[in-house]
Every structure is written in structure tokens, then in C-alpha cells.
Amino acid sequence: MGNVETERKAVGWAARDTSGILSPFSYTLRSTGPEDVYLKVICCGICHTDVHQIKNDLGMSNYPMVPGHEVVGEVIEVGSGVSKFKPGDVVGVGCLVGSCRTCRPCKSEIEQYCNKKIWSYNDVYADGKPTQGGFSSSMVVDHRFVVRIPDGMDLEQAAPILCAGVTIYSPMNHFGLKTSGLKGAVLGLGGVGHMGVKIAKALSHHVTVVSSSDKKRDEALNHLGADDYIVTSDVRRLELAADSFDYIIDTIPVAHPLEPYLSMLKVDGKLILMGVINTPLQFVTPMVMLGEKSITGSFIGSIKETEEVLEFCKEKGINSKIETVKMDYINTALQRLEKSDVRYRFVVDIAGSQLD
């Protein structure tokens, strides 16, 4: 097993302040133990949440901060209490690296709703050591929050599934939307939204993309496989879409009106909020009452669902559309992501980068 009780050094790229500029940062990994996995990072996806965190958009950032929560790596050592993984295994780490394990969500295998969950970065472990993410050479993670990457899956393709993919799969699973023949809409065609189209189509759903402009129409229809496309400024099309959808996945990350989309739901339809928005959203209650419609939310997914969606994506041949970059391009990539200038996910080639 090796000496897993010793602390190890790591090199990552960290934000030091609200400018969000990342630069090389050397630090000590937390003390490892019998239930931990020590892994070398191979690649890591970039999520819009990384932008929010490094710039303190949510008012809770701590620096220095190494972001990255779509991590694929190779197991180097495991603790004596770990039987699920062995050195050489290729694994993934998502948004969480810990939880209390005793609350109702934890016992129900939905640990993402644990009030004491521990984030992959910008958080602290029970011992007070800060968590740091996957824009780094290595990590030490509790084996319960490590998942196996299916054999034969492209590793850079696997990275976005660990956040964007499971974020879509989880509400499909929880709300009983894995049945074929449903009609759904996806609001916003970014990193999460494009995975929404792909996963919904793999479930044999009729999928409509709803966007603020026409610029992604060809991409949505001819490359991602969507069945229809609606521009939000086309009032007539919105009216024609009334009472059409069993569900709407709302990935828009800024404040926006809900009523146009509530009107598009069938009776008992669900508007599922996924965008992180720090200002209130509004609607009039009859829009919900007159149709038993639901406005609900969903947050990433459980470890069990992460394992399921990885296997699902491999079985269905689902690939995320990615752009691979090296670490020295990270600040440019983050700026482009903030401007939605990526189709649709950046993945950092950590193993092929000179981190220092």
C-alpha cells in the first residue's frame, strides 16, 4: 500500500483574489489514511461554477483556491481500508469529496443534499485542512466519493459527465423522466444544456432547444440531434408551444422570467431549475395552480447516479463536445467560458501540462 499516512506535495493553479486569475501554487495535500485514495490527475473539465467561485460571485470564496471538479485521474495508492480501487485504476471525482454519512440524505444515497457535504474545493475537511480541486497534479479523496471510469471510455470525454452529465441525469432519474416518448425542452445550450439534449435524445425523448438567439440552431438540430428550436423573442412560437412539454430543463444562469416557460408545460409538467442565480425569480401563482405544474430544482447528483450515468453514456455512445487545452491556457479559457465562447466544455489536459 505504501506509506499512505504521509502528507504529499501538489502543484496546482490557484486564484488568489476576486480577479479570478489563476497561477501556479504549491501546497500540501491533506493527511491521507486507510479510507483514502491518492490519485494523479490526468484531466479536468472546466465548469461555469468555477468562474463563480474564483471571482467570489456567491460571496463565499476563500483564497488561495485551486478549482476544478470534473476530475479524471489514475489511482497511485489506496489505504488499507479500500477494496473497491487499486493502483492503476482510472477514476473520477466530481463536486463532492465528503458528507456526514449519518443524515437522511446520506442514508438515502443522495448525499449531495447533506447539510455537511464537503466540496471538492473552496471548503475544509473535518480536520480543518482546505480542499483543493482538480486543476492540480494530484488529490487525496475519500474512496466513497471516487467513481470508476468505465473501460474503453475516452478520459477527456468522461470529465464533463462528472458534473454536467450527472446534473442532467439526476432529475431524469429522480422525477421518473427516463421513460421513452416524453417531450422535453432545454433552456440554454451551454455545457449542461448540450448534455441535456444528448441524454434526453438517448432516452428517446422529443427534445426542443429554447435559446435567446438563432445562432445555435444549426448546432442544436444538425449536430446535437434536437427535434426543434425556439428563439425566446419569437412570441408566436412560444404561444404555439403552450401546453406542450412534460418537462423543461432550465440551465440559464442569470435572472429571467419563468412565466413564458410555465405556460409551455403540460398538466403536471415540471420546470426544473439548474442555473445558479443569486437574485429572486418571480411568477404569478395561477401559472402553477392551473395545471398542477411544478417549479423544482435539482443539484448535481449522487455518487450512485454518477456511476450510473457514466455507464449509460458509454452504452449509448454519448460524447460531450469538448475543446481540450493545456493549463497555460486556463485563464483565457475561463474568460471565453464567461462569454459563452466554447462549444461546449473545456477540458484541461493536466497530465500533458507543465503545471509549474
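Because the structure is a prediction, the values reported are computed rather than measured.

Looking now at unusual backbone geometry. What is expected of a backbone is that most residues other than glycine have negative phi and most peptide bonds are trans. Of note, the amide linkage connecting Tyr63 to Pro64 takes the cis form, showing an omega dihedral of -5°. Inspection of the secondary structure assignment puts Pro64 in the loop between helix H1 (48–54) and strand E4 (70–78). The residue after Arg343, namely Tyr344, is reached through a cis peptide bond having omega -5°. With respect to the secondary-structure elements, Tyr344 resides in the loop between helix H10 (330–338) and strand E17 (345–349). In the Ramachandran plot, Asp268 falls in the positive-phi region, its phi being about 70° despite a non-glycine side chain. The topology assignment puts Asp268 in strand E14 (residues 265–273).

What follows deals with the nonpolar core. Formed by 95 residues in total, the largest nonpolar core has its most connected members in Ile46, Phe135 and Ile330. No other element matches the ten residues that helix H3 (residues 155–174) contributes to this core. When residues of this core are sorted by domain, at least three fall in each of domain 1 (9–163 + 320–349) and domain 2 (165–297). Each residue touching Ile46, except ones within four places of it in the same chain, is listed here: Glu70, Phe135, Ile330, Ala333, Leu334, Leu337, Arg345, Phe346 and Val348. Val210, Ala241, Tyr261 and Leu265 belong to the second largest nonpolar core, which has 16 residues in total.

According to UniProt, the positions carrying the feature "domain: Enoyl reductase (ER)" (unreviewed entry) are residues 20–348. Between the C-alpha atoms that bound residues 20–348 the distance is 17 Å, and the span itself is 26% helix and 26% strand.

This part takes up the layout of surface pockets. Counted as a void, the largest pocket has a volume near 1,300 Å³. Forming the boundary of the largest pocket are 50 residues, of which His48, Thr251, Ile252, Pro253 and Gly275 lie nearest the centre. Elements with a minimum of two residues in the lining of the largest pocket: H1, H3, helix H4 (191–202), strand E11 (206–211) and H10. No other element matches the four residues that H1 contributes to the lining of the largest pocket. For the lining of the largest pocket, the two domains that each supply at least three residues are domain 1 (9–163 + 320–349) and domain 2 (165–297).

Attention now goes to the domain arrangement of the protein. It is common to give the size of an interface as the accessible area that goes away when the parts come together. Here the protein is partitioned into domain 1 (9–163 + 320–349) and domain 2 (165–297). Placing a centre on the C-alpha atoms of domain 1 and another on those of domain 2 gives a separation of 28 Å. The interface is formed by 13 residues belonging to domain 1 together with 16 residues belonging to domain 2. Buried surface at the junction of domain 1 and domain 2, summed over both partners, amounts to about 1,200 Å²; 52% is from carbon and sulfur atoms. The largest share of the area that domain 1 buries against domain 2 comes from Cys163, Lys321 and Tyr344, three residues that together contribute 41% of it. Taken together, the connections running from domain 1 to domain 2 amount to one salt bridge. We note a salt bridge from Glu219 to Lys321, for which the minimum N-O separation is 2.9 Å. Across the domain 1-domain 2 interface, the total number found is ten residue pairs in polar contact (both at pLDDT 80 or more). Ranked by the residues each element gives to the side of domain 1 that touches domain 2, the list is headed by H3, at four residues. The class makeup of the residues in the side of domain 1 that touches domain 2 is six nonpolar, three polar and four charged.

Procedures and definitions
- Residues numbered from 1 in each chain as written.
- Predicted model: local features only at pLDDT ≥ 70, side-chain atom pairs only at ≥ 80, totals over all residues.
- Heavy atoms only, no water.
- Helix = DSSP H or I, 4+ residues; strand = E, 2+ residues; numbered from the N terminus.
- Core = buried A, V, L, I, M, F, W, Y, C linked by side-chain atoms within 4.5 Å.
- Buried < 20%, exposed > 50% of the residue type's maximum accessible area, 1.4 Å probe, protein only.
- Domains from an automatic or database assignment.
- Contact = heavy atoms within 4.5 Å.
- UniProt positions renumbered as here; feature names shortened; annotations may be inferred.
- 1 Å grid on protein atoms, 1.4 Å probe; cavity = no way out; pocket = protein on both sides within 12 Å on 5 of 7 lines; lining within 4 Å.
- Points joined across faces, edges and corners; volume = space filled by probe spheres on them.
- Buried area = accessible area lost by both parts, 1.4 Å probe.
- Salt bridge = Lys/Arg side-chain N within 4 Å of Asp/Glu carboxyl O.
- Polar contact = N/O pair within 3.5 Å; in protein donor to acceptor, adjacent residues only side chain to side chain.
- Nonpolar A, V, L, I, M, F, W, Y, C, P; charged D, E, K, R; others polar.

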